[in-house]
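Understanding the architecture of this molecule
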Amino acid sequence: MATGRARAARPVGDRVASDRLAGGGRPGGVPMAAWWRRYGVRGPLLALSAMLLLSLLAPLLAPHPPATQLDIVGLAAQPPSLAHPFGTDQYSRDVLSRVLHGGRVSLLVGALATLLSVCVGTAV
């Protein structure tokens, strides 16, 4: 039944329930700053750095040019092998080469979208 009055926060251990909610719903009510210090940005930063490095070095690392059709009949839709670690697509293009080169486009689109949102957000 609603009485129209706000209820006082009840103590939970050494904290009150409202402090737990300030933690963003994480277990134990850990505030965001403490959660960030505990888990850090190492994992996402490492993954982004690896993607950036692989994408920048794509011309050196890719075994084939991304649009080259190697053997249109013999290598069409091959499963992964030592010669083609990610396999080939239905047009006999090396999928690893296409993924490495495609990462460059994806990172560029993400960077431009972020830059645009920062510029528009700052102007507004």
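Residues numbered from 1 in each chain as written. Predicted model: local features only at pLDDT ≥ 70, side-chain atom pairs only at ≥ 80, totals over all residues. Heavy atoms only, no water.

**Re the side chain of Asp94**
By the secondary structure assignment, Asp94 is in the loop between helix 4 (58-61) and helix 5 (95-123). One buried charged residue, Asp94, remains without a salt bridge, the closest side chain of opposite sign being Arg98 at 9.0 Å. Here the side chain of Asp94 touches Ser97 through a polar contact of 2.9 Å, side chain to side chain. Contacts of Asp94, omitting those with residues within four sequence positions, involve Pro63, His64, His84, Gly87 and Thr88. (Helix = DSSP H or I, 4+ residues; strand = E, 2+ residues; numbered from the N terminus. Buried < 20%, exposed > 50% of the residue type's maximum accessible area, 1.4 Å probe, protein only. Lys, Arg positive; Asp, Glu negative; His and termini not counted. Salt bridge = Lys/Arg side-chain N within 4 Å of Asp/Glu carboxyl O. Polar contact = N/O pair within 3.5 Å; in protein donor to acceptor, adjacent residues only side chain to side chain. Contact = heavy atoms within 4.5 Å.)

**Quick word on unusual backbone geometry**
Of note in this structure, Ala77 is not a glycine but carries a positive phi near 55°. Structurally, the position occupied by Ala77 is in the loop between helix 4 and helix 5. Owing to a relative accessible area of 51%, Ala77 belongs among the exposed residues under this scheme. A positive phi angle, close to 60°, is found at Ser92, a residue other than glycine. The buried category is assigned to Ser92, whose relative accessible area is 0%.

**Brief notes about the packing of helix 3 (residues 42-56) against helix 5**
Orientation of helix 3 relative to helix 5, taken along the N-to-C sense of each, is 115°, at an axis distance of 8 Å. At the point where helix 3 passes helix 5, the crossing takes the left-handed sense. When helix 3 is examined against helix 5, the residues Leu48, Met51, Leu52, Leu54 and Ser55 are found in contact with a partner set consisting of Leu100, Gly103, Arg104 and Leu107. (Axes fitted to C-alpha atoms, helices over the stretch in contact; angles between N-to-C directions. Left-handed = near helix turned anticlockwise from the far one by under 90°.)

**Quick notes on a nonpolar patch on the surface**
The grouping of Leu52, Leu53, Leu54, Leu56, Leu57, Leu60 and Leu61 at the surface amounts to a nonpolar patch, some 670 Å² of accessible area in total. Counting only elements with at least two residues in the nonpolar patch, the list comes to helix 3 and helix 4. The element that contributes the greatest number of residues to the nonpolar patch is helix 3, accounting for four residues. With a relative accessible area of 41%, Leu54 lands in the partly exposed category. (Patch = residues over 30% accessible without salt bridge, like charges linked within 9 Å, V, L, I, M, F, W, Y side chains within 5 Å. Areas by Shrake-Rupley, 256 points an atom, 1.4 Å probe, with all protein chains shown as cover.)

**Considerations on the pattern of salt bridges**
As enumerated under the stated definition, the model contains one salt bridge in all. We note a salt bridge from Asp89 to Arg93, for which the minimum N-O separation is 2.8 Å. Like Asp89, the residue Arg93 is buried in the burial classification.

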